[in-house]
Amino acid sequence: MTKDIRVRFAPSPTGPLHIGGVRTALFNYLYAKKHNGTFILRIEDTDQNRYVPGAENYIQDALNWCMIPYDEGPEKDGGFGPYRQSERKHLYQEYADQLIKDGYAYYAFDTSEELDDLRKSHETNGETFVYNWSNRTNLNNSLSLTNEEVSSKIDAGIPYVIRFKTPTNEILQLNDEIRGKIKIDTNNLDDKILFKSDGMPTYHLANIVDDHLMKITHVIRGEEWLPSLALHVLLYRSLGWEAPSFAHLPLILKPVGKGKLSKRDGDKMGFPVFPLQWTDPKDNSVSSGYREDGYLPEAVVNMLAFLGWNPGTEQELFSLDQLINAFDLGKVNKAGAKFDPEKTKWFQQQHLQQADITTLINQFEVILSEKNISTTANVQQIIETVKERATFTSDLWDLTSFFFIAPTSYDSKAIKKAWKDDTPSLMHELTRILNDITDFSETNVASIVKGWITAKEIGFGKIMMPLRIALVGSLQGPDLFLIASIIGKEETIKRIKDTIERN
Ligand code: GLU
């Protein structure tokens, strides 16, 4: 029987979720859904010094907005809770004790002053101090002290940490689903702290204990955790547990140059690096988000999926369901993925075309009401007329405002080009023709007006250009007869008369 796939997204609530974090969550979600597995949210909040109020809510809101909700997590118990490490504090000590008992870890009493001195003296000699196999038996810990000395220190309440006793002289053969085989010489590793003097586990211990207890089968996380892989695999082995599979996702790189994408890149080039707007509780500074900038979650998800993954075909536009179907960890790249703000806009433009028309109508109606416009016009038809040229719903207003508000000023270049001496009398004549039309549908108005122009033998531009100026205010916009039919006979005639008066 194959095991149920269980994956987790394990952010630390230290601030707003960067889009790199959302990408990690998304890949976990896609992998889980593809294999009918479970997607878990675990909040890694053991480091109380770095805890930021509001960050956990932000993470949850961001996942919901991106349409990748978790199956198990805080407030959604699947039998493996609690899902916040701060609520699991009592669980970790026993595993640290077990490691000590079995000889895989040791108590270390070195004070921070002692360690600082060691660091400094090494630096003076041009070396780096590393707490490891080479010096651990000479330092202030249970490997160098007698059992009695250790017990009396602990009984006296002297603070200690628990360190991992990294095995020596071993070449570890690790496997990463994306990078393949990786060899690590254990002599190059340091003895990481597993348990802190404040009674809290470090990330390393809590993370693997929780992954084990939550029966996680696949750890899919950012590349920045690759250096911890050896320690994690050794911890599983030392605790006698089977390790999950690991996949480390490539970094998301700056649009230009080298290095990790940062908030500064976004600020400089004018794009958000957060899914939702974030107000920093410390200084109330506001960082922009994709949602508030008018992006559709479908576009953001599609863009994120392509940061480090591609289906191996030409297809670029994907719905979430299509992504679930196509997703394959084996097709995730090792190399860092360059973030491309222009491509992000392209995804947005494309997804706007495919968006559910009711979503667009709803968003557009918010804009109309902000502009105090109440209308009986067919908003759906108006949106569909111009949608092709819009990237954001907010563009729809610029492309359609003339449907709702008559022009009050006119593009001077257009006037110069199209408004001639005989234009007023032709426009008067046109208003009379329009006035006689009873069926003011697009096709009927078009055929009558075109028939009249043809009969007069004056050339289309002479009528159509001034008419466009009258209805739109410039020489831009969709089909004129469509505009006329939407704004109606009275309004069409009124706009023509106003234009004659004003020019
Ligand atoms: N809490 C870690 C983070 O903030 C989780 C790393 C992991 O997924 O193991 O990224």
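All figures in this text were calculated on a predicted structure; none of them were measured in a lab. (Residues numbered from 1 in each chain as written. Predicted model: local features only at pLDDT ≥ 70, side-chain atom pairs only at ≥ 80, totals over all residues. Heavy atoms only, no water.)

Asker: So what exactly am I meant to see when it comes to the site of the ligand here?
Answerer: Within the structure, the ligand sits among Arg8, Ala10, Ser12, Glu44, Tyr203, Asn207, Arg221 and Trp225. Taking Arg8, its side chain carries an N or O atom lying 2.7 Å from an oxygen atom of the ligand. Side-chain polar atom of Asn207 to an oxygen atom of the ligand: 3.1 Å apart, as the coordinates give it. Considering the ligand on its own, with 300 Å² of exposed area, one finds that the protein chains cover 84% of that surface. (Near = heavy atom within 4 Å. Polar contact = N/O pair within 3.5 Å; in protein donor to acceptor, adjacent residues only side chain to side chain. Areas by Shrake-Rupley, 256 points an atom, 1.4 Å probe, with all protein chains shown as cover.)

Asker: Please clarify how the packing of helix 12 (residues 357-370) against helix 13 (residues 379-386) should be interpreted in this entry.
Answerer: In helix packing, the relevant descriptors are the interaxial angle and the interaxial distance, both defined with respect to the helix axes. The interhelical angle for the contact between helix 12 and helix 13, taken along N-to-C directions, is 100°, at an axis separation of 10 Å. Considered as vectors, helix 12 and helix 13 are oriented roughly perpendicular to each other. Counting all contacts with helix 12, which are made through Ile357, Leu360, Ile361, Phe364, Glu365 and Leu368, the residues of helix 13 involved are Val379, Gln380, Ile383 and Glu384. (Axes fitted to C-alpha atoms, helices over the stretch in contact; angles between N-to-C directions. Helix = DSSP H or I, 4+ residues; strand = E, 2+ residues; numbered from the N terminus. Parallel < 35°, antiparallel > 145°, perpendicular 65-115°, else oblique. Contact = heavy atoms within 4.5 Å.)

Asker: I would appreciate a short explanation of the pattern of salt bridges in the present structure.
Answerer: A complete count under the given rule lists 26 salt bridges for this structure. Salt bridges sharing common partners tie together Arg8, Arg42, Glu44, Arg88, Asp210 and Asp211. (Salt bridge = Lys/Arg side-chain N within 4 Å of Asp/Glu carboxyl O.)

Asker: Please explain the pairing of strand 2 (residues 38-41) as it appears in this structure.
Answerer: When a strand is regular, its side chains alternate between the sheet's two faces. Of the two faces of strand 2, the one lined by Thr38 and Ile40 and the one lined by Phe39 and Leu41 are each fully buried. Two elements, strand 1 (residues 6-9) and strand 2, share four bridges in a ladder whose sense is parallel. If you follow Phe9 over to strand 2, its bridge partner there is Leu41. For the handedness criterion, the β-α-β arrangement of strand 1, helix 1 (residues 19-34) and strand 2 is classed as right-handed. (Buried < 20%, exposed > 50% of the residue type's maximum accessible area, 1.4 Å probe, protein only. Pairing = 2+ DSSP bridges. Right-handed = clockwise from strand over helix to strand, strands pointing away.)

Asker: Whenever I open this one, the environment of Ile154 confuses me. Can you help?
Answerer: Residue position: Ile154 is located in helix 5 (residues 147-155). Judged by relative accessible area, which is 26%, Ile154 ranks as partly exposed. Here the alpha-carbon distance between Ile154 and Phe129, two residues 25 residues apart in the chain, equals 26 Å. Ile154 has contacts with Tyr107, Phe109 and Tyr160, leaving out every residue within four places of it along the chain.

Asker: Could you clarify how one ought to interpret the pairing of strand 5 (residues 171-176) in this entry?
Answerer: Taking every second residue as pointing to the same face, the buried face of strand 5 carries Leu172, Leu174 and Asp176, while none of Ile171, Gln173 and Asn175 on the other face is buried. Sheet analysis places strand 5 next to strand 6 (residues 180-185), joined by six bridges and oriented antiparallel. The residue of strand 6 that forms the bridge with Asn175 is Lys181. As consecutive antiparallel partners, strand 5 and strand 6 are separated by three residues.

Asker: Could you clarify how one ought to interpret the side chain of Arg495 in this entry?
Answerer: Note on placement: Arg495 falls in helix 20 (residues 489-502). Only 2.8 Å separates the side chain of Arg495 from the backbone oxygen of Leu471, close enough to count as a polar contact. Ignoring sequence-local partners within four residues, the contact set of Arg495 consists of Phe402, Phe403, Phe404, Ile405, Ala406, Pro407, Ala470, Leu471 and Ile487.

Asker: Please clarify how the nonpolar core should be interpreted in this entry.
Answerer: Most often, soluble globular proteins have nonpolar side chains that are buried together. Formed by 59 residues in total, the largest nonpolar core has its most connected members in Leu26 and Phe339. Put simply, the parts of the chain that give this core at least two residues each are strand 1, helix 1, strand 2, helix 2 (55-65), strand 9 (245-249), helix 9 (297-305) and helix 10 (320-326). A total of nine residues in this core trace back to one element, the largest contributor, which is helix 1. In this structure, Phe339 is in contact with Ile19, Ile252, Leu253, Lys254, Pro255, Leu261, Phe271, Tyr290, Met303, Leu307 and Thr344, ignoring residues within four places of it in sequence. With 54 residues, the next largest nonpolar core counts Leu360, Ile415, Ile453 and Ile493 among its residues. (Core = buried A, V, L, I, M, F, W, Y, C linked by side-chain atoms within 4.5 Å.)

Asker: Help me understand the sheet that holds strand 7 (residues 193-195), please; the structure alone is not making it clear to me.
Answerer: Pairing between the strands of a sheet is mediated by backbone hydrogen bonds and can be parallel or antiparallel. Strands sit in the order 3-4-7 across an open sheet of three strands; the sheet is antiparallel. The open sheet is flanked by strand 3 (105-108) and strand 7, the only strands paired with a single partner. Across the sheet, the mean angle from the axis of one strand to that of its neighbour is 45°, orientation sign disregarded. Pairing of strand 3 with strand 4 (residues 161-164), which is carried by four bridges, proceeds in the antiparallel orientation. Residue Ala108 lies in a different strand from strand 4, and its bridge partner there is Val161.

Asker: Would you mind showing me how to read unusual backbone geometry here?
Answerer: Among all residues except glycine, the phi angle is most often negative; among peptide bonds, the trans geometry is most common. Put simply, Gly81 and Pro82 share a cis peptide bond, and its omega is -10°. For Pro82, the location among the structural elements is in the loop between helix 2 and helix 3 (89-101). Its identity as a non-glycine residue notwithstanding, Asn36 has a phi of 50°, on the positive side. Looking at where Asn36 falls in the secondary structure, it is placed in the loop between helix 1 and strand 2. Phi is positive for Asn284, close to 60°, though the residue is something other than glycine. Relative to the helices and strands, Asn284 is located in the loop between strand 11 (278-279) and strand 12 (286-287). The class for Asn284 is exposed, based on a relative accessible area of 57%.

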